[in-house]
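For reference, the chains in residue letters:
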Amino acid sequence: MNGSREDGEGPSVANVAVFDLATGQLDGERYARCHKTTASDLDVTPDGSLVVAAARGDSANLFLFDPELRCSVRELEGHSAHTMGVFKVAFVPGQDLVASAGADGTVRIHSTTSGDSFQVIVNALNGKRVTALCATTLPAAEDEDEAAGKACIIYGGNDFDEREIAVRFWVQQ
């Protein structure tokens, strides 16, 4: 398989392979390749229905992959390719959202259904590289907190020569 849908539609995917956890063997029928890019990070939805691959190299996009259909389903654009691509990706549990951190210094929140990048946090760490990223959905609090059920993106990083680590939070409005 070359990473494209069998009907020739859809983007390529950044080098995704599926292993059988019971045997530790590569499932040769469930993989996809991409030309001119390297996968720098992966995440999978809790139900296993989608995999997102962060691309580095000639592409600075995200690629959504359906492991059952063995094909790419969408390419999400946004980060600047000339800055080395995308470092980290994370799905938001229970929502059709995926977050990405790029070498361009931005954190982006994308819709997995429309493909749109609807939130961009520019200069996310004041010039430092975002090298860590995770996503969650905020739980309900006893006092019926307004933030309950909203996406929360946690990201951080530092400069390579610094010992100080910066961590920031973004909560869906």
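Above: the structure in question.
A few points on the structure. Given the structure is predicted, the values throughout are model-derived calculations rather than measurements.

1. Details of the overall build of the chain
When its secondary structure is counted, the chain shows zero helices and 13 strands. Walking the chain from its N terminus toward its C terminus, one meets helices and strands in the order β-β-β-β-β-β-β-β-β-β-β-β-β. Relative to its full complement of 173 residues, the chain shows a buried share of 42%. Restricting the contact set of the chain to residue pairs at least 6 apart, pairs at least 24 apart contribute 42%. Just so you have it, the chain exposes about 9400 Å², and 47% of that area is on carbon and sulfur atoms.

2. What to know about the environment of Gln 119
With respect to the element layout, Gln 119 can be found in strand β10 (residues 117-121). Under the relative-accessibility criterion, Gln 119 is labelled partly exposed at 28%. Each C-alpha atom of the pair Gln 119 and Ala 99 lies 9.4 Å from the other, and the pair is 20 residues apart in sequence. For Gln 119, the residues in contact, after removing those within four places along its chain, are Val 107, Arg 108, Ile 109 and Trp 170.

3. Observations regarding the nonpolar core
Ranked by size, the top nonpolar core spans 18 residues in total, and within it Val 107, Ile 109, Val 130, Leu 133, Ile 153, Tyr 155 and Trp 170 carry the most contacts. Secondary-structure elements contributing two or more residues to this core are β8 (97-102), β9 (107-111), β11 (132-137), β12 (151-157) and β13 (166-171). Apart from residues lying up to four places away in sequence, Leu 133 is in contact with Lys 88, Val 89, Ala 90, Ala 99, Ser 100, Ala 101, Val 107, Ile 153, Ile 154 and Tyr 155. Within the second largest apolar cluster, ten residues are counted, among which are Ala 54, Leu 64, Val 86 and Phe 91.

4. Digging into the pattern of salt bridges
Tallied over the full model, the rule gives one salt bridge. The salt bridge involving Arg 108 is made with Asp 104; its shortest N-O contact spans 3.9 Å. Classification of Asp 104 by relative accessible area gives partly exposed; the value is 21%.

5. Points about the sheet that holds β13
Read from one edge to the other, the open sheet built from three strands follows the order β11-β12-β13, with strand pairing classed as antiparallel. Looking along the sheet, the strands with just one partner apiece sit at the ends: β11 and β13. With strand direction ignored, the average angle separating the axes of adjacent strands in the sheet is 15 degrees. In this structure, β12 lies alongside β13, joined through six bridges in antiparallel fashion. Its bridge partner lying in β13, Ile 154 is registered against Phe 169.

6. Some details on the sheet that holds β8
An order of β7-β8-β9-β10 is seen for the four strands of this open sheet, with the pairing classed as antiparallel. Strand pairing shows two members of the sheet lacking a second neighbour, β7 (86-91) and β10, which therefore form its edges. When strand polarity is set aside, the average angle formed by the axes of neighbouring strands in this sheet is 20 degrees. Inspection of the sheet shows β9 paired to β10 by four bridges, in the antiparallel sense. Its bridge partner lying in β10, Ile 109 is registered against Gln 119.

7. Comments concerning the side chain of Ser 100
Tracing the backbone shows Ser 100 in strand β8. Side-chain polar atoms of Ser 100 contact the side chain of His 110, separated by 3.0 Å. If sequence neighbours within four positions are ignored, Ser 100 has contacts with Leu 62, His 79, Val 86, Lys 88, Val 89, Thr 106, Val 107, Arg 108, His 110 and Leu 133.

8. Overview of the pairing of β9
With five of five residues buried, β9 lies mostly within the body of the structure. Burial along β9 is two-sided: Val 107, Ile 109 and Ser 111 and Arg 108 and His 110, pointing in opposite directions, are all buried. Examined bridge by bridge, β8 and β9 share five bridges and lie antiparallel to one another. Paired with Ser 100 across the bridge in β9 is Arg 108. Linking β8 to β9, which pair antiparallel, is a turn of four residues; within it Gly 105 sits at a positive phi near 85 degrees.

Rules of the game
- Each residue is numbered by its place in its chain's sequence as written, counting from 1.
- Per-residue local features of the predicted model are confined to residues with pLDDT of at least 70, and side-chain atom pairs are confined, for both listing and counting, to 80 or more; whole-chain, interface and lining totals are unaffected and use all residues.
- Values reported for side chains reflect all heavy atoms of the structure, with hydrogen atoms and water molecules removed beforehand.
- Helix and strand assignments come from DSSP, with helices taken as H or I runs of at least 4 residues and strands as E runs of at least 2, each series counted from the N terminus.
- Note on classification: 1.4 Å probe, protein chains only; a residue is buried when its accessible area is under 20% of the maximum for its type, exposed when over 50%, partly exposed between these limits.
- Contacts are residue-level and defined by heavy atoms, with any inter-residue pair within 4.5 Å sufficient.
- Here the accessible surface of atoms and residues is derived via Shrake-Rupley with a 1.4 Å probe, and residues count as covered only by protein chains that are part of the display.
- Residues belong to one nonpolar core when they are buried, are Ala, Val, Leu, Ile, Met, Phe, Trp, Tyr or Cys, and are joined through side-chain atoms within 4.5 Å.
- Salt bridges are defined as contacts in which a side-chain nitrogen from Lys or Arg sits within 4 Å of a carboxyl oxygen from Asp or Glu.
- By definition, two strands form a pair when at least two bridges between them are found by DSSP.
- The convention used is that axes are lines fitted to C-alpha atoms, helices contributing only their stretch in contact, and that angles between N-to-C directions extend from 0 to 180 degrees.
- Two N or O atoms form a polar contact when they lie within 3.5 Å of each other; inside protein one atom must be a possible hydrogen donor and the other a possible acceptor, and for residues adjacent in sequence the pair counts only when both atoms belong to side chains.

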